[in-house]
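Understanding the architecture of this molecule
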Amino acid sequence: HNGHGTHVAGTIGAVNNQYGVVGVAPKVDLFAVKAFNKDGTAKLSDIIKGIDWCIENRMQIINMSFGFNDPSPTFKEAIIRAQQAGIVMVAASGNQGTRGRLEYPAQFPETIAVTSINEKNKISDFSTIGPNVDLAAPGEKIVSTWLNNSFRELSGTSMAVAHVSGVAALMLSKFPQLSS
């Protein structure tokens, strides 16, 4: 929603300017690929266009801090195209607090499915978990950048995904030949 992308971007790459927060990979090049509207909703066709833009513009990582309950063959095809292009896709497991099926795209095996842990290293109560989760990362009570030069604390698997995307960027900067 409004501010969500700013929060995620700050966790990934906020610069160390002695003010506010420092991101996981503060020297990363971030590209805002906006597929969601101001209400926080998106058409699948816009998300697919965003993925295709990432392929065409040779992005290395796609942070997917969103999820859907229903699979789509055209969405799956876009995910496969991105994987074939060598893009690392990091996706949120979901915030339903359920066990079993993750949201899509995290459910797709081509993505790195991420759930949230808290400061005690325990799975967050809101985290959707299941056998397809690949990683758990900090996602509870995360302070990051917000609108109008401010900061806000948010919780969610989106925040955990941002931490993993930042680490992936650091790893690719050191070992560019790595695959997802």
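Summary of the structure given here. (Residues numbered from 1 in each chain as written. Predicted model: local features only at pLDDT ≥ 70, side-chain atom pairs only at ≥ 80, totals over all residues. Heavy atoms only, no water.)

**Considering the side chain of glutamate 110**
Heads up, the condition is: Only runs of H or I of at least four residues qualify as helices and only runs of E of at least two qualify as strands under DSSP, and these elements are numbered from the N terminus. N or O atoms closer than or at 3.5 Å make up a polar contact, with two conditions inside protein: a donor-capable atom paired with an acceptor-capable one, and, for residues adjacent in sequence, both atoms drawn from side chains. Should any heavy atoms of two residues lie within 4.5 Å, those residues are counted as being in contact.
Mapping glutamate 110 onto the fold places it in the loop between strand E2 (88–92) and strand E3 (112–117). Side-chain polar atoms of glutamate 110 contact the side chain of lysine 76, separated by 2.9 Å. Contacts of glutamate 110, omitting those with residues within four sequence positions, involve Lys76, Ile79, Ile80, Gln83 and Met89.

**Quick word on the packing of aromatic side chains**
Let me state the cut-off plainly: Ring pairs shown here join Phe, Tyr and Trp side chains whose ring centres sit within 6.5 Å, with only the six-membered ring taken for Trp; geometry is labelled stacked below 30 degrees between planes, edge-to-face above 60, and tilted in between.
Within this structure, the stated rule accounts for 7 aromatic pairs. Of the aromatic side chains, those joined through ring pairs into one cluster are Phe36, Phe66, Phe68, Phe75, Tyr104 and Phe108.

**Side note on unusual backbone geometry**
A negative phi angle characterises most non-glycine residues, just as the trans form characterises most peptide bonds. Following tyrosine 104, the chain continues into proline 105 via a peptide bond in cis, with omega recorded as 15 degrees. With a phi close to 60 degrees, arginine 58 is a non-glycine residue in the positive phi region. Note on placement: arginine 58 falls in the loop between helix H2 (44–56) and strand E1 (61–64).

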